[in-house]
Amino acid sequence: MSEHGTTHDEVSRAATGTLPQRFDDPGLPPHVPRQADHDESAAKRAERQVAVMFGLSIVSTVAFLVAYFAVDQRSTVFFPGIGSTNAYHLVLGVTLALSLLMIGLGAVHWAKTLMPDHEVVEERHPLRSSDEDREHAVATILDGGDAAQLPRRNMIKYSLGGALGLFSLPLVLQVAGSLGPTNVSELAETLWDIPTEGKHAGKPIRLMRDPQNTPIKAEEVAIGSVFHVLPESLDWHKEENVEAGRAEWKGVLDEKAKAAVILVRLDPKDFVSTKARDWGYQGIVAYSKICTHVGCPVGLYEQKTHNLLCPCHQSTFDVTRDCEVVFGPAKRALPQLKITVDADGYLVAPEGFKEPVGPSYWER
Ligand code: FES
C-alpha cells in the first residue's frame, strides 16, 4: 500500500494504462463529528440560529412590501462620499437583497451544522442507472427530508416555509405593479411647459447650454453646429424646492432626463417639411434628445445627411423631415420643440412639447 492509499497492483495497472475498477481506499479523510452531531443543546442552538436567519428574511420581505407602497418614489437620501440617491430604489434593493441573503445564509448554516456531512464515495457505473438504482435514488430523495431532520426541526420547517413563501411576493408584486396604467402623462409634462402660476407664469423658457447653463443667442448658432440644451426652468424648479423647504435637487434628475433637447442649425433651404422649418427660427430647430426607442440620448449629428443618430441601437432621424425615423428600431419621430427668440435675441420655447417625449411603448 502506498502513502496515497493505492495498492502496488493498482499502481502497476495504472502505469500500464488499465485503471482498476475500484480503489479500496480512495484517500478520504476520517470523518470528524461536529458538536451538533453529539450535543443536542448545540443542535438546538444551531436550529435557533438558522431560524433567526430565516426570520430576518421574513422581516426584510415584509419591509420590502411596506416600502413598495409607503416610500415616496421621488424621495432622496444623502450618503456622504456618494451623494444624493433615490431612497425608494435604495430601500427596495436593500430589503430584497437582505431577504434573499438571509435565506441563503440560513440554508448554508443549516447544511454546515445539522445536515449529514459524511463524505460518500459513489461507485462508477454505466451512464444509465439500473432500475434498482433509480428506485433507490427516488427513495433517497424522499428520505432527504428525514436526513435533513426536517420533521424534527419544526422551527426550521416553519421559518423556511415562511421565508420561501413570502419571498415570492415581491417578485409577483413587481410583475403585477408593472402591468398597471402607463405613465404617459408623466412623459407628456416636461419643464418646457410654460408655468401657469408663480413668478414665472406665462414666461417663455430660454434654451440653456448644457452643461454651462448659459442662454444661447440665435446668432451664436452656426449652420451645421449642434448644441445640447436644457430649459431655464430647471433653475426655477430648484428655486421652488428651496422655497417649499425641500432639498434643492429633489426631482431635478427626473425632470432633467425628460427635458434634454438637441439643437441644430440647417440652411432653411434644406428642410423638406414645412413644420420642421416653421417650428424653428431661421433654420435653428430643437428636438427632444430622448430616443423614442428605449430612451437613450440621441447625441450624434451627421452634418452631410442632416441625420440625428442614437448610439444605442442606431435609430436614425431625419431633421429635414420632422425627425422621422429613417433607420433602426425606433417607431416614432423625435418630438419637436417650437422655438423663437425673445426681445434680447435669446432662443426661447414659447410652449412645451405637443406630445410625450421618450420611448413610445405606450403607443403599442
Ligand atoms: S434607444 Fe435609441 S435606438 Fe434604441
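Residues numbered from 1 in each chain as written. Predicted model: local features only at pLDDT ≥ 70, side-chain atom pairs only at ≥ 80, totals over all residues.

Asks: Which parts of the structure should I look at to understand the overall build of the protein chain?
Replies: Within the protein chain one finds 10 helices and 13 strands. Principal axes of the C-alpha set define a box for the protein chain whose edges measure 100 × 55 × 40 Å. In the protein chain, 61% of the contacts between residues at least 6 apart in sequence involve partners at least 24 apart. (Helix = DSSP H or I, 4+ residues; strand = E, 2+ residues; numbered from the N terminus. Contact = placed C-beta atoms within 7 Å.)

Asks: Even after reading the chapter, I still don't get the sheet that holds strand S9 (residues 316-318), so can you show me in this structure?
Replies: In space, the 4 strands of this open sheet follow the order S7-S8-S9-S10, with antiparallel pairing throughout. Because the sheet does not close on itself, it has two edges, and the strands there are strand S7 (300-302) and strand S10 (324-327). Adjacent strand axes in the sheet meet at a mean angle of 35° when their direction is disregarded. Inspection of the sheet shows S7 paired to strand S8 (residues 307-309) by 3 bridges, in the antiparallel sense. (Pairing = 2+ DSSP bridges. Axes fitted to C-alpha atoms, helices over the stretch in contact; angles between N-to-C directions.)

Asks: Got a minute to help me understand the domain arrangement of the protein chain in this structure?
Replies: A common way to report how large an interface is uses the accessible area buried once the components associate. Looking at the protein chain, the domain boundaries give domain 1 (31-177) and domain 2 (185-363). Here the C-alpha centre of domain 2 lies 50 Å away from the C-alpha centre of domain 1. (Domains from an automatic or database assignment.)

Asks: What am I meant to see in the sheet that holds strand S5 (residues 261-265) here?
Replies: Strand order in the open sheet formed by 7 strands is S11-S6-S5-S4-S3-S13-S12, with antiparallel pairing between adjacent strands. Whereas interior strands pair on both sides, the edge strands pair on one side only; in this sheet they are strand S11 (336-337) and strand S12 (340-341). When strand S4 (residues 226-231) meets S5, the two strands line up antiparallel, connected through 4 bridges. Each residue of the ladder has a partner; that of Phe-227, found in S5, is Leu-263.

Asks: What is the right way to read unusual backbone geometry from this model?
Replies: Note: most peptide bonds trans; most residues except glycine with negative phi. The residue after Asp-210, namely Pro-211, is reached through a cis peptide bond having omega 10°. Positionally, Pro-211 belongs in the loop between strand S3 (205-209) and S4. A positive phi angle is found at Asn-213, which is not glycine, with a value near 60°.

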